[in-house]
Amino acid sequence: MSSNTKYIFVTGGVTSSLGKGIIAASLAKLLQARGYTVTIQKLDPYINIDPGTLNPYEHGECYVTDDGAETDLDLGHYERFLNVATSQANNVTTGRIYQAVIDKERKGEFLGKTVQVIPHITDEIKNRIKILGQTGQYQFVITEIGGTVGDIESLPYIETVRQLKWELGDDCTVIHLTLLPYLATSGELKTKPTQHSVKMLLEYGVQPDILVCRSEHPIGADIKRKIALFCNVSQDAVIEALDAPTIYEVPLLMEAEKLDEIALKKLHISQPSPVKLDKWKTFLEKFHHPKHQVTIGLVGKYVELKDSYKSIAEAFIHAGAVNDCKVNLKWIHSESLSEQNIKETLKDLKGILVAPGFGNRGIEGKIAAIKYARENNIPFFGICLGMQCAVIEFARHVLNLKDAHSREMNPQTTHPVIDLLEEQKNISHMGGTMRLGAYPCKITEGTLAYKIYGQTNIQERHRHRYEFNNHYMPAYKEAGMVLSGLNPNANLVEIVEIPTHPFFVGVQFHPEYKSTVENPHPLFVHFVKASMK
Ligand code: GLN
């Protein structure tokens, strides 16, 4: 293979939510399984600088990278598939592009020229794409263009693809993902929407090389031939993408359809090494044939939209598989929980997870769920706000500090057991100002956390403003809550546990971001194990 980085673009047509991220991640997985180095990038056409300020109802979970970038949840899929960390460079939004160009304009870097979408915005987009190739770390950069072809906001991105296709020649290929709707009355798959969306791409000057067609039914050679004919692609470049029982099956479906082979052919790479997916297949084998089942409650306030807790749900799939166990997640709205209905709602659960979150809504329901788990010896796992709620619950019911709270929910509380750090107090800007990204944590030997991690020095990702208030440290220790993980530099509490309970762990960080198919997170693995007992 030539030393040039190869660029693969994934665009989408017909409708949104066809799963471009999963197709991009599956192709990347197959290339990785052939021994290549690959990274995936997402370009998002909205004006927000990043999804950090977006309500989860808008755009699902905000995923956080090691370097502290607040990113699109597709980056979570990329990491879970590839088992390789992403960074700020892997997610770019229109807001970030414009901000960079406007900053340059204010500094006078355009030397008096009129600043325009073409070339200035498209050049900036191009730089953001090529920067990953220029690191020298990757043989392939797969770039997913958010949105649907034809959207006004994604136009500059499509124009950039056109320019790069011309510039890069053999080092670039374009995959277009479309939908073949099935008309039940006539029993037919329809190709017209695909033809139209390819026509739309052609109007912008981009000829896709490969078409991946989502479909509920097998496509068959005739339809492939028809699509190939109308869309100027070779017939072997029309790939069928049937609905899969799990996203983790998609790499195998794409391998069977030879998506990776055709992509390599389009990029003029001959004789690649064979695909090796042993670990992946072992995972799928276990996933499809669980020997046990367990029901775990996920208590949160965005449960109507499951994408809000994407990484947590996926981490349970990884952790379930290694335990030969199917984890049935019961989604529980924290606002609907009260002292009156708590027993009835939670009684069948073998484990309770209290989710991350912001703001006061549903907070008392979370605290009630934790009290129930603590008093009834039900395995409990609290993440970020979930850990903070565990600290509040313990203060109120064990330390007898009746109005204990987080200052986020009650600024007037006499016992702010969760409080703002000094350096956070004067912050007025909301974007990117939390404690974000990977920080070290030192675990005390002999604790449950130590048993779980099997080491003292770990790194986990953060996304929060508030912290355990160390003023109360002695009281907690005396009453039997162990502060088993601390940040070695700032002494911030990262892990709390109750050793007299079968499994009661709260973590200030987000372990779910680091769980992958090939590397399930030990906290989830042990929580599932404890729930199975
Ligand atoms: N709202 C809390 C804080 O900012 C917890 C954040 C979270 O759960 N991600 O500290």
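Everything below is about the structure shown above.
The paragraphs below set out a description of the structure included in this document. The numbers attached to residues start from 1 for each chain and follow its sequence in the written order. The predicted nature of this model means local features are confined to residues of pLDDT at least 70 and side-chain atom pairs, given and counted, to a pLDDT of 80 or more, with totals for whole chains, interfaces and linings taken over all residues. Each side-chain value is worked out from all heavy atoms of the structure, with water and hydrogens disregarded.

This brings us to the packing of helix α14 (residues 363-375) against helix α15 (residues 385-397). What counts as an axis is a line fitted to C-alpha atoms, over the stretch in contact for a helix, and the angles between N-to-C directions run from 0 to 180 degrees. Under the DSSP-based scheme used, a helix requires at least four consecutive residues in state H or I and a strand at least two consecutive residues in state E, with every element numbered from the N terminus. Following both chains from N to C, one finds α14 and α15 inclined at 70 degrees, their axes separated by 9 Å at the closest point. Here α14 is positioned roughly perpendicular relative to α15, judged by the angle of their axes. Of the two possible hands of crossing, α14 and α15 adopt the one that is right-handed. Here Ile363, Glu364, Lys366, Ile367, Ile370, Lys371 and Arg374 of α14 lie close against α15, whose contacting residues are Leu385, Gly386, Cys389, Ala390, Ile392, Glu393, Phe394, Arg396 and His397. Amino acids outside the nonpolar list (Ala, Val, Leu, Ile, Met, Phe, Trp, Tyr, Cys, Pro) and the charged list (Asp, Glu, Lys, Arg) are all regarded as polar, and Gly is one of them. Residue composition of the contact of α14 with α15, by class: eight nonpolar, two polar and six charged. Roughly parallel means an angle under 35 degrees; roughly antiparallel, over 145; roughly perpendicular, 65 to 115; everything else is oblique. In this scheme the handedness of a crossing depends on how the near helix is turned from the far one: anticlockwise by less than a right angle means left-handed, clockwise means right-handed. Any two residues whose heavy atoms approach within 4.5 Å at even a single point are treated as in contact.

Before going further, it helps to examine the pattern of salt bridges. The salt bridge criterion pairs a side-chain nitrogen of Lys or Arg with a carboxyl oxygen of Asp or Glu, the two atoms within 4 Å. For the structure shown, the criterion picks out 37 salt bridges. The salt bridge involving Arg214 is made with Asp243; its shortest N-O contact spans 3.0 Å. Here Arg214 is found in strand β10 (residues 210-215), whereas its partner Asp243 is found in the loop between β11 (238-242) and α9 (250-256), with 29 residues between them in sequence. A relative accessible area of 44% places Asp243 in the partly exposed class. Linking Lys224 and Glu257 is a salt bridge whose minimum nitrogen-to-oxygen distance equals 2.9 Å. Remark: Glu257 occurs in the loop between α9 and α10 (259-266) and Lys224 occurs in helix α8 (residues 220-231); sequence separation between them is 33 residues. Residue Lys224 is classed as buried on the basis of its relative accessible area, which comes to 16%. Each of Lys42, Asp44, Asp72, Asp74 and Glu144 takes part in a single network of salt bridges with overlapping partners. Think of it in three bands: with a 1.4 Å probe and only protein chains considered, a residue is buried below 20% of the maximum accessible area for its type, exposed above 50%, and partly exposed in between.

Judged by how many residues are buried, strand β1 (residues 6-12) sits mostly within the fold: seven of seven residues are covered. Neither face of β1 is left uncovered, since the one carrying Lys6, Ile8, Val10 and Gly12 and the one carrying Tyr7, Phe9 and Thr11 both have all their residues buried. By the bridge criterion, five bridges tie β1 to strand β6 (residues 140-145) in an arrangement that is parallel. Bridge pairing links Val10 to Glu144 in β6. For two strands to pair, DSSP has to find at least two bridges joining them. Both β1 and strand β7 (residues 172-179) contribute to a ladder of six bridges, which runs parallel. Residue Thr11 lies in a different strand from β7, and its bridge partner there is His176.

With that out of the way, let us pick up the pairing of β10. Burial runs high along β10: five of the six residues are buried. Sheet topology places β7 next to β10; five bridges connect them, and they run parallel. If you follow Ile175 over to β10, its bridge partner there is Ile210. As paired strands, β10 and β11 are joined by five bridges and run parallel to one another. From the neighbouring strand, Arg214 faces β11, where its bridge partner is Ala241.

It is worth spelling out the packing of helix α11 (residues 278-288) against helix α12 (residues 310-322) at this point. Look at α11 against α12: their axes get within 8 Å of each other, and the N-to-C directions meet at 85 degrees. Considering the angle they form, α11 stands roughly perpendicular to α12. Contacts from Phe283, Lys286 and Phe287 in α11 reach Ile317, His318, Ala321 and Val322 in α12. In terms of residue class, the contact of α11 with α12 is made up of five nonpolar, one polar and one charged.

As a further point, take the side chain of His501. Note that His501 resides in the loop between β22 (493-497) and β23 (504-507). Taking the relative accessible area as the measure of exposure, His501 reaches 6% and is therefore buried. Counting of polar contacts relies on pairs of N or O atoms within 3.5 Å, with two restrictions inside protein: one atom must be capable of donating a hydrogen and the other of accepting it, and residues adjacent in sequence are counted only when both atoms are side-chain atoms. A distance of 3.1 Å separates a polar side-chain atom of His501 from the backbone nitrogen of Phe503. Setting aside its immediate chain neighbours within four residues, His501 contacts Ala373, Arg374, Asn377, Ile378, Pro379 and Phe380.

To continue, consider the environment of Leu305. Relative to the helices and strands, Leu305 resides in the loop between β12 (292-300) and α12. Residue Leu305 is classed as partly exposed on the basis of its relative accessible area, which comes to 28%. Through-space distance from the C-alpha of Leu305 to that of Asp103 is 36 Å; in sequence the pair is 202 residues apart. In this structure Leu305 touches Pro56, Tyr57 and Gly60, once residues within four positions along its chain are discounted.

Among the buried residues, those of types Ala, Val, Leu, Ile, Met, Phe, Trp, Tyr and Cys that are joined through side-chain atoms within 4.5 Å form a nonpolar core. Ranked by size, the top nonpolar core spans 60 residues in total, and within it Leu31, Phe140, Ile142, Ile210, Val212 and Leu259 carry the most contacts. For this core, the element with the highest residue contribution is helix α1 (residues 20-33), accounting for nine residues. Every residue in contact with Leu259, bar those within four places of it in the chain, is listed here: Ile23, Leu27, Ile175, Ile210, Val212, Ile239 and Met254. By size, the runner-up hydrophobic cluster in this structure holds 42 residues, among which are Ile370, Leu385, Met481 and Leu483.

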